[in-house]
Amino acid sequence: MMFACRSSEDANSTPAMAKAQGDTAGTHALEASAQPAMKSEPSKTVPAPAAAAPKTPAPAPSAKETKAQVGLGMFGTGAGGGGIGGRLGPGPGIGSIGTKGRGGSSMNYGSGIGSAQAPSGYTGSVRVHPNVARLTGKKDTSLEDKPSTSDAEPSRKADVNPFVTAAEDRLSTFAVDVDTASYTMTRRHLMEGALPPHDAVRVEELLNYFRYTYPDPTPSDGPFAVHMDAAPSPFTPNRHLLRVGVHGKRLSISERKPAHLTFLVDVSGSMGSPDRLPLAQRALRMLVDNLRDGDTVALVTYAGNVRRVLAPTGLERKALIHAAIEDLTAGGSTAMGSGIELAYQEAMKTLDGASYSRVIVLSDGDANVGKTSHEDILKTIQGHVKEGITLTTVGFGMGNYKDTTMEQLANKGNGNYFYVDSLMAARRIFQEQLGGTLEVIAQDVKLQVDFDPEQVARYRLVGYENRNIADRDFRDDKVDAGELGSGHTVTALYELELKPGAGAGLATVHVRAKKPRGVNASERAYPFVASALAGTFKAASVDLRFATAVMGAAELLRASPHAEHWSLETVREIARAATPAGNAEREEFLALLEKARPLMRGVAAR
């Protein structure tokens, strides 16, 4: 396997906005026997402190080693809901949802302006903004199932990577991550006038949401190319920022292998609002419309019971697939574990060595009944990855939304984690970036950055806290890592404290990756070149400057201790100067920063 490292310039394009359409003819669903239900996911507890230490205690691990061993800790958070969209025209209007505080989980439905038709299950009126439908009044929950014993989300504590002294530990090792859910959730919170919970802000997912113009790999490069550049930090004197970028080869439609997809759709009572199941249905229709001959779709649902709605069906029967999706309705409790078992049974039917098999879970992550534990579900998913079936999660809704659950499922399934708050978000995932969503070009991709202690005093990886890998496991091909899809890019930023004269060779990036379904990984090394170090921040590439703004915003939003003296105004100035006219993604980011300004001032004043 061959890879390449080279420089780049910025040239972003505005996403296309094509409208997906499909047939809605009726169909008969096939019933599957009921499966055992699942209990609500327990929160992890912290063990009591050990008794007195032995006479000769073992040396304490370094801060970085401790972080690599922590993994995903769990603690409860929650938030109140905001406005729910009503119906706008022929389809569901997607309302925005705000939140109130942390740890609660009570729901508070907001208000808006205008008028629209209220969805079933709600009392009060619906008022409409030009782009958003919002519901006034209260939700009628008399016909819904009782919520799980704890609506608070099981969430990991937002630990932040520490600075590491290069002379003591020169290696930084992590798995690639192309998830983007954190950005979409952050956007939704800010658009509704609330700051996101600190734990929901994952720096790497905000960075990787945006497109950067890394050079495409050449035929001799292999599946991806690696890029590095650096510049003085605009936030902290005497520090530099190092960007490491990986850009995957983009495969044409003809090069893509057939895809066998199993949609596992949560149709429990919690999915009844317009921003959940109705939006998921429209997203699935969009995905189906972008598949091609040779692909197949199966459909499984779960609530109190599980149901095989559609066996693996080819695209020549697209009308039947659309009709099965349209016939879904919400109601009942949530037996996620049983649904996953049935979904894998369907996925196994089309598993072969010449195509890709993927389970796509569409849910709010809430699981409140069933005998299968959360840990057992994760083990099941990881076991099927070894057989060649990956799993992607797509989240919907807010309030009782389980972000950590959905992220963990995707991580164990060697898939991607997305969050959909609008048709625009669905279009981005299932239309504009469908190739990367379906086609894996490299798996178990690990990066290890070797810092030269003669040139680097200290370093800090910004983000990727739950993707850290022990340095000793870098060349252990049995250790699971991330996957890279067609056309995917991965961006990581380091804060550095450089010594005088630093330049060429200050860092060397080692990359290990396997071919899809491969067993043994190959490795390449990329040394930093002196010309990639800009003399001033303004002289840095446009992409590096914009990525710096995104990273800075994420650090401020999650209240990172390293950003205590950083300024949102500085972030805005950097982002504005790095946003070309007509770049819709970056212009949206600027708008979000405007939304964040008064909210962060309010937090600082308290």
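Note that the structure is a prediction, hence the values are computed from the model and not measured. (Residues numbered from 1 in each chain as written. Predicted model: local features only at pLDDT ≥ 70, side-chain atom pairs only at ≥ 80, totals over all residues. Heavy atoms only, no water.)

Before going further, it helps to examine the nonpolar core. With 41 residues, the main nonpolar core has Leu-207, Phe-210, Phe-546, Met-551, Val-571 and Phe-589 as its most contacted residues. Elements with a minimum of two residues in this core: helix 2 (181-191), helix 3 (203-207), helix 11 (542-557), helix 12 (568-577) and helix 13 (584-605). Among the elements that take part in this core, helix 11 stands out by supplying ten residues, more than any other. Those residues in contact with Phe-589 that lie beyond four places of it in its chain are Tyr-183, Phe-210, Phe-546, Ala-549, Val-550, Ala-553 and Ala-575. (Core = buried A, V, L, I, M, F, W, Y, C linked by side-chain atoms within 4.5 Å. Buried < 20%, exposed > 50% of the residue type's maximum accessible area, 1.4 Å probe, protein only. Helix = DSSP H or I, 4+ residues; strand = E, 2+ residues; numbered from the N terminus. Contact = heavy atoms within 4.5 Å.)

The interhelical angle for the contact between helix 4 (residues 277-289) and helix 5 (residues 318-326), taken along N-to-C directions, is 170°, at an axis separation of 9 Å. Classed by the angle they form, the pair helix 4 and helix 5 counts as roughly antiparallel. On helix 5, the residues that touch Gln-281, Leu-284, Arg-285, Val-288 and Asp-289 of helix 4 are Lys-318, Ile-321, His-322, Ile-325 and Glu-326. Each residue belonging to the contact of helix 4 with helix 5 can be placed in one class, and the counts come to four nonpolar, two polar and four charged. (Axes fitted to C-alpha atoms, helices over the stretch in contact; angles between N-to-C directions. Parallel < 35°, antiparallel > 145°, perpendicular 65-115°, else oblique. Nonpolar A, V, L, I, M, F, W, Y, C, P; charged D, E, K, R; others polar.)

With mixed pairing, six strands are arranged side by side in an open sheet as 14-13-12-15-16-17. Of all the strands in the sheet, just strand 14 (306-314) and strand 17 (417-419) have a single pairing partner and so form its edges. The sheet shows a mean angle of 15° between the axes of neighbouring strands, direction not considered. Bridge analysis of strand 16 (residues 389-395) against strand 17 gives three bridges, and the strand direction is parallel. Bridge assignment links Gly-395 to a residue of strand 17, and that residue is Tyr-419. (Pairing = 2+ DSSP bridges.)

The end-to-end C-alpha distance of helix 11, which contains 16 residues, comes to 23 Å, matching closely the 22 Å that a straight helix rising 1.5 Å per residue would cover. With respect to burial, helix 11 is a largely interior element, 15 of its 16 residues being buried. Following helix 11 by one or two positions, Ala-559 adopts a phi angle in the positive range, close to 55°. (Expected span 1.5 Å × (residues − 1).)

Orientation of helix 11 relative to helix 12, taken along the N-to-C sense of each, is 155°, at an axis distance of 8 Å. If you check the angle between helix 11 and helix 12, you find them roughly antiparallel. For the element pair helix 11 and helix 12, the recorded crossing hand is left-handed. Across from Arg-545, Phe-546, Ala-549, Gly-552, Ala-553 and Leu-556 in helix 11, the residues of helix 12 making contact are Leu-568, Val-571, Ile-574, Ala-575 and Ala-577. Residues belonging to the contact of helix 11 with helix 12 are distributed by class as follows: nine nonpolar, one polar and one charged. (Left-handed = near helix turned anticlockwise from the far one by under 90°.)

The next subject is the confidence of the model for the chain. This prediction gives the chain a mean pLDDT of 78; 72% of its residues lie at or above 70. Contacts for the low-pLDDT stretch residues 5-60, under 50 throughout, to residues beyond four places or in other chains number 123 contacts. Predicted confidence is poor over residues 67-157, with pLDDT under 50, and the contacts of this stretch with residues over four places away or in other chains come to 224 contacts. (pLDDT = per-residue confidence, 0-100.)

Most peptide bonds take the trans form, and the phi angle of most residues other than glycine is negative. A positive phi angle, close to 65°, is found at Asn-238, a residue other than glycine. Examined against the element boundaries, Asn-238 turns out to sit in the loop between strand 10 (224-232) and strand 11 (240-248). Positioned with a positive phi, Arg-517 is a non-glycine residue whose angle comes to about 65°. Structurally, Arg-517 can be placed in the loop between strand 22 (507-514) and strand 23 (522-527). A residue is classified by how much of its surface remains accessible, and Arg-517, at 36% relative accessible area, is partly exposed.

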